[in-house]
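So you can see what is in the structure, the chains are spelled out below.
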Amino acid sequence: MARLDSAPRLMIGQGWPDFGLVDSGHGRKLERYGRYRFIRPEPQALWTPRQTDWTADGEFVPGSDEDGGGRWMFDRPVPREGWDLTRGEVRFTASCTPFRHLGFFPDMAPVWDWMGDRLEGKSDASTLNLFGYTGVGTLSLSAFGPVTHVDASKKSVAQARANAALSGMAERPVRWIVDDAAKFAAREVRRGRRYDGIILDPPKFGRGPDGEVWRLEENLPGLIADCRHLLDAESRFLFLTVYAVRMSSLAIAGLLAEALADLPGTIEHGDLAIREDGDDGRLLPTAIFARWNPQGA
């Protein structure tokens, strides 16, 4: 029986040559993405910036709406079509999207590494990436076997395919699927499918390709229940991340503990965070997570 570990954990992302958190504070953060630097809103950066002068190529200025909106302001030319970045063997395109993101989520890097550790030594592991966005996590998983990548956005899946080609991974066994994640998972259950690992990064609110409405608090329990039916005692992980919600990681861990109660291992939970560049870099929290670790004590 999976045991809920009530003690929260930290998964800390470090900078790498093509990305880093340069500084943060006063509700903003300064990041480097390859040769460009950007300022973006960050409500959890409550402290004072360490640097007095933030020089950036662009800044995302939020609108007055709490749920989003805003626009990019540029001080220097930045390619609208994006520019290439690399992490490990994965190459991908970063760009300044209308949603303030840069085309991938760098705080997910320790999650990609953790999943890789769980799959170490396997070359035929079948994994499922729900809400897979532009595919950086999918391409990381593809080193261990076939991956099913699901996202409701045609544009995101097209970018994921382009990232696979850019990485020289176009021939890897990845199923690229434009679909509503919850509907797809339910169909996989009816088909009797089984996966070695599942990662899901659902939004607080979203719409599927046919207008399906997703609300996290309403729809997540059913999706997790379906994910349980896609795993067995020989599977290696389930990893859930949640952003921008007024919710504790203990809440989503409790959901996993209920749904996966008959499986071995541990339900673990906590915060994702990114460490600022430098020897004494501060930790900036970005999201909450819960995970099933069958190898946990």
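Refer to the structure above for everything that follows.
Remember, it's a predicted structure, so these values are computed and weren't measured experimentally.

**Student:** Mind showing me how you'd approach the overall build of the chain here?
**Tutor:** Scanning the chain for helices and strands turns up six helices and 18 strands. The C-alpha atoms of the chain give 19 Å as radius of gyration, which agrees with the globular expectation for 297 residues (19 Å, within 12%). Here the C-alpha coordinates of the chain stretch approximately 55 × 40 × 40 Å along the principal axes. Put simply, the chain has 297 residues, and 54% of those count as buried. In the chain, once contacts between residues fewer than 6 apart in sequence are set aside, the share between residues at least 24 apart is 63%. Summed over its atoms, the accessible surface of the chain is roughly 13700 Å², and 49% of this surface lies on carbon and sulfur atoms. Looking at charge distribution, the chain has the averaged site of its 37 positive side-chain charges lying 2 Å from that of its 42 negative ones.

**Student:** Any chance you could explain the pattern of salt bridges here in plain terms?
**Tutor:** Oppositely charged side chains can form a pair if their charged atoms are brought close together. Scanning the model with the defined rule gives 24 salt bridges in all. Residue R50 is joined to E276 by a salt bridge in which the shortest nitrogen-to-oxygen separation is 3.9 Å. Of this pair, R50 sits in the loop between strand 5 (36-41) and strand 6 (58-62) while E276 is found in the loop between strand 17 (266-275) and strand 18 (283-293), placing the two residues 226 residues apart along the sequence. For D57, the salt bridge is made with R76, and the minimal N-O distance between the two is 3.6 Å. You can see D57 sitting in the loop between strand 5 and strand 6 and its partner R76 sitting in the loop between strand 7 (70-74) and strand 8 (83-87), a full 19 residues away along the chain.

**Student:** Help me understand helix 5 (residues 216-229), please; the structure alone is not making it clear to me.
**Tutor:** Along an α-helix, residues three or four apart share an orientation, since each turn contains 3.6 residues. Taking 1.5 Å per residue as the helical rise, helix 5 with its 14 residues ought to reach 20 Å, and the 20 Å between its terminal C-alpha atoms agrees with that figure. Of the positions making up helix 5, those classed as buried are L216, L220, L223, I224, D226, C227 and R228. At its buried positions, helix 5 is contacted by strand 10 (127-130), helix 4 (181-190), strand 13 (197-200), strand 15 (213-215), strand 16 (237-242) and helix 6 (249-259).

**Student:** Looking at this structure, how should I read the nonpolar core?
**Tutor:** It is characteristic of soluble globular proteins that their nonpolar side chains tend to be buried jointly. With 46 residues, the main nonpolar core has Y33, F38, W83, F104, V111, M115 and L272 as its most contacted residues. In terms of residue count, the dominant contributor to this core is helix 1 (residues 109-118) (five residues). With residues up to four places along the chain from it excluded, the contact list for W83 reads Y33, R35, Y36, F38, V78, F92, T93, A94, S95, C96 and L102. Judged by nonpolar contacts, the second largest core, of 35 residues, contains A185, I288, A290 and W292.

**Student:** What should I look at first to understand the packing of helix 4 against helix 5 in this one?
**Tutor:** At their nearest, the axes of helix 4 and helix 5 sit 9 Å apart, and the two run at 30 degrees to each other. Taken together, the axes of helix 4 and helix 5 lie roughly parallel to each other. The element helix 4 and its partner helix 5 pack so that their crossing is left-handed. Residues A181, A182, A185, A186 and V189 of helix 4 pack against L223, D226 and H229 of helix 5. In terms of residue class, the contact of helix 4 with helix 5 is made up of six nonpolar, one polar and one charged.

**Student:** What should I look at first to understand the pairing of strand 16 in this one?
**Tutor:** Most of strand 16 is tucked away, with six of its six residues classed as buried. Of the two faces of strand 16, the one carrying F237, F239 and T241 and the one carrying L238, L240 and V242 are both buried. Pairing of strand 13 with strand 16, which is carried by four bridges, proceeds in the parallel orientation. Bridge pairing links I198 to L238 in strand 16. Pairing analysis gives five bridges linking strand 16 to strand 18, with the strands arranged antiparallel. Opposite V242, over in strand 18, you have I288 as the bridge partner.

**Student:** Please clarify how the packing of aromatic side chains should be interpreted in this entry.
**Tutor:** Aromatic ring pairs are reported here in terms of the distance separating the ring centres and the angle at which the planes meet. Tallied over the full model, the rule gives 18 aromatic pairs. The interplanar angle of 85 degrees and the centroid separation of 5.8 Å between the aromatic rings of Y33 and F104 together place this pair among those described as edge-to-face. Taken together, the residues span a long stretch of sequence, with Y33 in strand 4 (residues 28-33) and F104 in the loop between strand 9 (90-94) and helix 1 at a distance of 71 residues. Members of the aromatic cluster, each reached through a chain of ring pairs, are W16, F19, Y33, Y36, F38, F60, W72, F74, W83, F92 and F104. Stacked on the ring of W16, the Lys or Arg R87 has its end atom at 5.2 Å from the ring centre.

Analysis parameters
Residues numbered from 1 in each chain as written. Predicted model: local features only at pLDDT ≥ 70, side-chain atom pairs only at ≥ 80, totals over all residues. Heavy atoms only, no water. Helix = DSSP H or I, 4+ residues; strand = E, 2+ residues; numbered from the N terminus. Rg over C-alpha atoms; globule rule 2.2 N^0.38 Å. Buried < 20%, exposed > 50% of the residue type's maximum accessible area, 1.4 Å probe, protein only. Contact = heavy atoms within 4.5 Å. Areas by Shrake-Rupley, 256 points an atom, 1.4 Å probe, with all protein chains shown as cover. Lys, Arg positive; Asp, Glu negative; His and termini not counted. Charge placed at Lys NZ, Arg CZ, Asp CG, Glu CD. Salt bridge = Lys/Arg side-chain N within 4 Å of Asp/Glu carboxyl O. Expected span 1.5 Å × (residues − 1). Core = buried A, V, L, I, M, F, W, Y, C linked by side-chain atoms within 4.5 Å. Axes fitted to C-alpha atoms, helices over the stretch in contact; angles between N-to-C directions. Parallel < 35°, antiparallel > 145°, perpendicular 65-115°, else oblique. Left-handed = near helix turned anticlockwise from the far one by under 90°. Nonpolar A, V, L, I, M, F, W, Y, C, P; charged D, E, K, R; others polar. Pairing = 2+ DSSP bridges. Phe/Tyr/Trp six-rings, centres within 6.5 Å; stacked < 30°, edge-to-face > 60°. Lys NZ or Arg CZ within 6 Å of the ring centre and 35° of its normal.

Purely spatial values, then, with no claim about function.
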